[in-house]
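Coordinate inspection notes
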Amino acid sequence: MGGWYWIGVSVGLGAGLGVLIAGVAARIAIVAALVAAAAGVGIGLAIDAWQPGGWGDIVGAALGGLGGAAGAAQVVRGALRRGGTRGGMATLVAGAALVVAALAWVPVLGYLEALALPAVAARLRRRAPERYAGLRTLAK
């Protein structure tokens with residue numbers, strides 16, 4: 001396989017790691033994204049030492065981590081806001097992170113994961129209902 005394959009694997013593994021980290025620390029999304037990017041750099045360095053890819057592995061894994069954390073944090077925060085438990089969400093998101101990491105080994109899917117996860121988050125953010133005062137305004 002060429003360097004493009006290993007860059008895609010590192011992007012997908014970074015996205016999977018970002019999903020996992022966002023599942024654990026979704027309340028502090030910025031910290032989760034930064035930790036996911038740093039962990040992605042670590043994955044990129046490991047893959048770069050093992051297979052060809054150069055800086056593409058490192059940058060791709062970091063961007064995959066950011067995208068995975070951004071996408072999963074929106075889903076996790078929404079589920080917790082609607083009454084989900086932290087332990088249950090962490091378990092479900094850990095399973096989803098394993099699926100994302102496994103799909104990274106399929107050619108080109110690592111790239112698509114890193115693009116799809118933030119797109120899903122943006123779509124969910126747009127569809128979220130706005131908060132209205134409702135009957136609380138009558139109580140004044």
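Structure's up top.
Computed from a prediction, not measured in an experiment: that's the story for all the values here. (Residues numbered from 1 in each chain as written. Predicted model: local features only at pLDDT ≥ 70, side-chain atom pairs only at ≥ 80, totals over all residues. Heavy atoms only, no water.)

1. Some words on the overall build of the protein chain
- Counting its regular elements, the protein chain contains five helices and zero strands.
- For the protein chain, the succession of helices and strands along the chain, N to C, is α-α-α-α-α.
- With respect to the three principal axes, the spread of C-alpha positions in the protein chain is 65 × 25 × 20 Å.
- By the burial criterion, 36% of the 140 residues in the protein chain qualify as buried.
- Taking contacts inside the protein chain between residues at least 6 apart in sequence as the whole, the part at least 24 apart equals 74%.
- Surface summary for the protein chain: the accessible area is close to 8,000 Å², and the carbon and sulfur share equals 71%.
- Charge-centre separation for the protein chain: the mean point of 12 positive side chains lies 23 Å from the mean point of 4 negative side chains. (Helix = DSSP H or I, 4+ residues; strand = E, 2+ residues; numbered from the N terminus. Buried < 20%, exposed > 50% of the residue type's maximum accessible area, 1.4 Å probe, protein only. Contact = heavy atoms within 4.5 Å. Areas by Shrake-Rupley, 256 points an atom, 1.4 Å probe, with all protein chains shown as cover. Lys, Arg positive; Asp, Glu negative; His and termini not counted. Charge placed at Lys NZ, Arg CZ, Asp CG, Glu CD.)

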